[in-house]
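Take a look at the letters that make up each chain.
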Amino acid sequence: RKEVEQDPGPFNVPEGATVAFNCTYSNSASQSFFWYRQDCRKEPKLLMSVYSSGNEDGRFTAQLNRASQYISLLIRDSKLSDSATYLCVVREYHTGGFKTIFGAGTRLFVKA
Amino acid sequence: ETGVTQTPRHLVMGMTNKKSLKCEQHLGHNAMYWYKQSAKKPLELMFVYNFKEQTENNSVPSRFSPECPNSSHLFLHLHTLQPEDSALYLCASSQEGGGGAQNIQYFGAGTRLSVL
């Protein structure tokens, strides 16, 4: 089982739609969670951190479910500019250090 | 502008060449990373430096040689590369430790490398 798994997509949605992505992680000791966004041929950029209580930033809502070991990202009222690859990121802490694991990403295309 | 600068942005090299990629972070972070991203593939972590010490080397071939002279600079020295090494090479930095820090990685724009 991969350490961090995402549905690669692509998700093709019309403008204004609501779309949700899930990401599962294998290590129950994982401590920090993030969603990054990567545009075509650009570097990944932090979209939002994921807190235990869930958090919202405008049209974006992130949730963490520790019991089932997954995080989710919900995008409401999709815009054309939301088209990108969304990367799930999990941080694990081990004796002597840390490890940051990036998922392979979920591709989103928002169409007019 | 994320505070992480990579040069050059594009590089074309032959298999017998020697070149270096440079990364500089202006964020005061204590950890730096090299990643490789091939077309339509996920990010692959190559090297991690924490407080200038290499803490991770993910079985990267010896034709890639990292150097971290100080906590703000990171180099990736390249020699006798293969065409399959053509990819986007991304540098990132983060602030590790400090209790409660978010440890978010900030990426440079990358160097797009083509090996002929």
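Everything quoted here is computed from the prediction, not taken from an experiment.

K.L.:
Got a minute to help me understand the overall build of chain A in this structure?
P.N.:
Counting its secondary structure elements, chain A contains zero helices and eleven strands. Order of helices (α) and strands (β) in chain A, N terminus to C terminus: β-β-β-β-β-β-β-β-β-β-β. For a compact globule of 112 residues, the expected C-alpha radius of gyration is about 13 Å, and chain A comes in at 14 Å, within 12% of that figure. Referenced to the eigenvectors of the C-alpha coordinate spread, the extents of chain A come out at roughly 50 × 30 × 25 Å. Relative to its full complement of 112 residues, chain A shows a buried share of 46%. In chain A, the proportion of contacts linking residues at least 24 apart, taken out of those at least 6 apart, comes to 57%. For chain A, the accessible area works out to roughly 5,600 Å², and carbon and sulfur atoms hold 48% of it. With 14 positive and 11 negative side-chain charges, chain A shows a separation of 3 Å between the mean positions of the two kinds.

K.L.:
Got a minute to help me understand the interface of chain A and chain B in this structure?
P.N.:
When the parts of a complex come together, some accessible area is lost, and that lost area is often used as the size of the interface. Every contact between the two is made by 18 residues of chain A and, on the other side, 20 residues of chain B. Summing both sides of the interface, chain A and chain B together bury roughly 1,600 Å²; the carbon and sulfur share of this comes to 55%. Looking only at chain A, the three residues that lose the most surface to chain B are Glu43(A), Phe98(A) and Phe102(A), adding up to 32% of its buried area. At the boundary of chain A with chain B, the tally comes to one salt bridge. Residues Arg91(A) and Glu96(B) are paired through a salt bridge, measuring 2.5 Å at the closest nitrogen-oxygen approach. Along the contact surface separating chain A from chain B lie four residue pairs in polar contact (both at pLDDT 80 or more).

K.L.:
What should I look at first to understand the environment of His26(B) in this one?
P.N.:
Residue and element names in this part refer to chain B. One can find His26 in the loop between strand 3 (18–25) and strand 4 (31–37). Other than its neighbours up to four places away in sequence, His26 contacts Gly3 and Thr5. There is a polar contact of 3.4 Å between the side chain of His26 and the side chain of Thr5.

K.L.:
Any chance you could explain the environment of Val50(A) here in plain terms?
P.N.:
Residues and elements named next belong to chain A. Tracing the backbone shows Val50 in strand 5 (residues 44–50). Judged by relative accessible area, Val50 falls into the buried class, the value being 6%. For Val50 and Pro8, which are 42 residues apart along the polypeptide, the C-alpha to C-alpha distance reads 20 Å. Leaving out residues up to four positions away in the same chain, Val50 has contacts with Phe33, Phe34, Trp35, Asn55, Ala62, Gln63, Leu64 and Ile71.

K.L.:
Quick question: what am I supposed to make of empty space enclosed by the protein here?
P.N.:
Where empty space is left can be seen by rolling a probe of water-molecule size over the atoms. Enumeration over the complete set of coordinates arrives at one cavity of 30 Å³ or more. Of the volumes computed, that of the largest cavity is approximately 40 Å³. Among the elements of the structure, strand 10 (97–102) of chain A together with strand 5 (44–50) of chain B are those that each provide at least two residues to the lining of the largest cavity. Broken down by element, the lining of the largest cavity gets its largest block of residues, three residues, from strand 10 of chain A. Here the residues of the lining of the largest cavity are counted per class, giving four nonpolar, one polar and two charged.

K.L.:
Even after reading the chapter, I still don't get the sheet that holds strand 1 (residues 4–6) of chain A, so can you show me in this structure?
P.N.:
Across a sheet, strands are paired by hydrogen bonds formed along the backbone, either parallel or antiparallel in direction. All names here are of chain A. On the basis of which strands lie adjacent, the open sheet formed by five strands has the order 1-3-8-7-6 and antiparallel pairing. Pairing within the sheet leaves two strands with one partner each, and these edge strands are strand 1 and strand 6 (55–57). Averaged over neighbouring strand pairs, the angle between their axes works out to 20° when direction is ignored.

K.L.:
What exactly am I supposed to notice about the nonpolar core here?
P.N.:
As a rule of thumb, nonpolar side chains are buried together in soluble globular proteins. Membership of the largest hydrophobic core comes to 24 residues, with the highest contact counts inside it found for Phe21(A), Trp35(A), Ile71(A), Leu73(A), Ile75(A), Tyr86(A) and Leu108(A). Sequence-distant contacts of Phe21(A), defined by excluding residues within four places in its chain, comprise Phe11(A), Trp35(A), Ile71(A), Ser72(A), Leu73(A), Ile75(A), Tyr86(A), Thr106(A) and Leu108(A). In terms of nonpolar packing, the next biggest core, distinct from the first, is built from 22 residues, Met13(B), Leu81(B), Tyr89(B) and Leu113(B) among them.

K.L.:
What am I meant to see in unusual backbone geometry here?
P.N.:
A negative phi angle is the norm for most residues apart from glycine, just as the trans form is the norm for most peptide bonds. Gly9(A) connects to Pro10(A) through a cis peptide bond whose omega is 5°. Turning to its location among the elements, Pro10(A) is positioned in the loop between strand 1 and strand 2 (11–14). Even without being glycine, Thr80(B) reaches a positive phi, approximately 50°.

What counts and what doesn't
- Residues numbered from 1 in each chain as written.
- Chains lettered and ligands numbered in written order.
- Predicted model: local features only at pLDDT ≥ 70, side-chain atom pairs only at ≥ 80, totals over all residues.
- Heavy atoms only, no water.
- Helix = DSSP H or I, 4+ residues; strand = E, 2+ residues; numbered from the N terminus.
- Rg over C-alpha atoms; globule rule 2.2 N^0.38 Å.
- Buried < 20%, exposed > 50% of the residue type's maximum accessible area, 1.4 Å probe, protein only.
- Contact = heavy atoms within 4.5 Å.
- Areas by Shrake-Rupley, 256 points an atom, 1.4 Å probe, with all protein chains shown as cover.
- Lys, Arg positive; Asp, Glu negative; His and termini not counted.
- Charge placed at Lys NZ, Arg CZ, Asp CG, Glu CD.
- Buried area = accessible area lost by both parts, 1.4 Å probe.
- Salt bridge = Lys/Arg side-chain N within 4 Å of Asp/Glu carboxyl O.
- Polar contact = N/O pair within 3.5 Å; in protein donor to acceptor, adjacent residues only side chain to side chain.
- 1 Å grid on protein atoms, 1.4 Å probe; cavity = no way out; pocket = protein on both sides within 12 Å on 5 of 7 lines; lining within 4 Å.
- Points joined across faces, edges and corners; volume = space filled by probe spheres on them.
- Nonpolar A, V, L, I, M, F, W, Y, C, P; charged D, E, K, R; others polar.
- Pairing = 2+ DSSP bridges.
- Axes fitted to C-alpha atoms, helices over the stretch in contact; angles between N-to-C directions.
- Core = buried A, V, L, I, M, F, W, Y, C linked by side-chain atoms within 4.5 Å.

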